[in-house]
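Chain residues, written in single-letter form:
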Amino acid sequence: MRILGIDPGLRTLGWGVIESHGSRLSHVANGLCKSDGDDLGERLLSLYNQIVEVIAEHHPDQAAIEQTFVNKDGAGTLKLGQARGVALLTLAQAGLPVGEYAPNRVKKTVVGVGHAEKEQVLHMVKLQLPGCKPKGADAADALAIAICHSYYGAAPQARVKEVRA
């Protein structure tokens, strides 16, 4: 089972692809999608195009994405939600089943503590995926989301693809 994990963000969206063979996990690839453009629409389109490229290159069977949590910055939360929406749309358009996980659940699964620091997540991702070199904290988080999905949601499911006329 090949799983694409996504850590949504408007400026930087992290992604990571792992292979799951039962309880054995291996790293396939990871990276960062940086949004380009002067206005929100252009930035969201940039993220969409980059996620489409990741899916086309790595052919995941399933995907997982982090749920949005609301913080004190309402405008920032809305922008994050829009980036997350674009990621969900792109995954659905590709016909991928998607698992959604709260940040604390991802951290609890990978580190063992629900309020772990980013450095702890990075360390445990490297331990669970030997040879993995995340391209940044957001990529490490995306790999952690994929690992979480491999434990909780990676049951084989029927794939539905969009048919274009």
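First things first, this report covers the structure right here in the doc. Only a predicted model underlies this, so the values are computations on that prediction, with no experimental measurement involved. (Residues numbered from 1 in each chain as written. Predicted model: local features only at pLDDT ≥ 70, side-chain atom pairs only at ≥ 80, totals over all residues. Heavy atoms only, no water.)

Okay, the overall build of the protein next. Of the regular secondary structure elements, the protein holds five helices and five strands. Of the regular secondary structure in the protein, the N- to C-terminal order runs β-β-β-α-β-α-β-α-α-α. C-alpha atoms of the protein, sized along the principal axes, occupy 40 × 40 × 25 Å. Classification of the 165 residues of the protein by burial places 47% in the buried group. Relative to all contacts within the protein whose residues are 6 or more apart in sequence, the contacts with residues 24 or more apart total 61%. Summed over all atoms, the accessible surface of the protein reaches about 8700 Å², with 54% contributed by carbon and sulfur. The average position of the 18 basic charges and that of the 17 acidic charges among the side chains of the protein differ by 6 Å. (Helix = DSSP H or I, 4+ residues; strand = E, 2+ residues; numbered from the N terminus. Buried < 20%, exposed > 50% of the residue type's maximum accessible area, 1.4 Å probe, protein only. Contact = heavy atoms within 4.5 Å. Areas by Shrake-Rupley, 256 points an atom, 1.4 Å probe, with all protein chains shown as cover. Lys, Arg positive; Asp, Glu negative; His and termini not counted. Charge placed at Lys NZ, Arg CZ, Asp CG, Glu CD.)

We now examine the pairing of strand 5 (residues 98-101). Of the two faces of strand 5, the one holding Gly99 and Tyr101 is buried and the one holding Val98 and Glu100 is not buried anywhere. Pairing geometry for strand 4 (residues 62-66) and strand 5, over four bridges, is parallel. Following the sheet pairing, isoleucine 65 is matched in strand 5 by glutamate 100. (Pairing = 2+ DSSP bridges.)

The next point concerns the packing of aromatic side chains. Under the criterion given, the structure shown has zero aromatic pairs. Of note, arginine 105 hangs over the ring of tyrosine 152, and the distance from its end group to the ring centre comes to 3.8 Å. (Phe/Tyr/Trp six-rings, centres within 6.5 Å; stacked < 30°, edge-to-face > 60°. Lys NZ or Arg CZ within 6 Å of the ring centre and 35° of its normal.)

The subject of this paragraph is the nonpolar core. In terms of nonpolar packing, the biggest core is built from 21 residues, with Leu4, Ile6, Leu13, Trp15, Ile55 and Leu91 touching the most fellow members. Of all the elements in the fold, those that place two or more residues in this core are strand 1 (2-7), strand 2 (12-21), strand 3 (24-34), helix 1 (40-58), strand 4 and helix 2 (74-93). Take this core: its biggest share by element is five residues, from helix 1. Residues contacting leucine 91, with those up to four places away along its chain left out, are Leu4, Ile6, Ile55, Ala63, Leu96 and Val98. In this structure, Ala64, Ile145, Ala146 and Ile147 belong to the second largest nonpolar core, which totals 19 residues. (Core = buried A, V, L, I, M, F, W, Y, C linked by side-chain atoms within 4.5 Å.)

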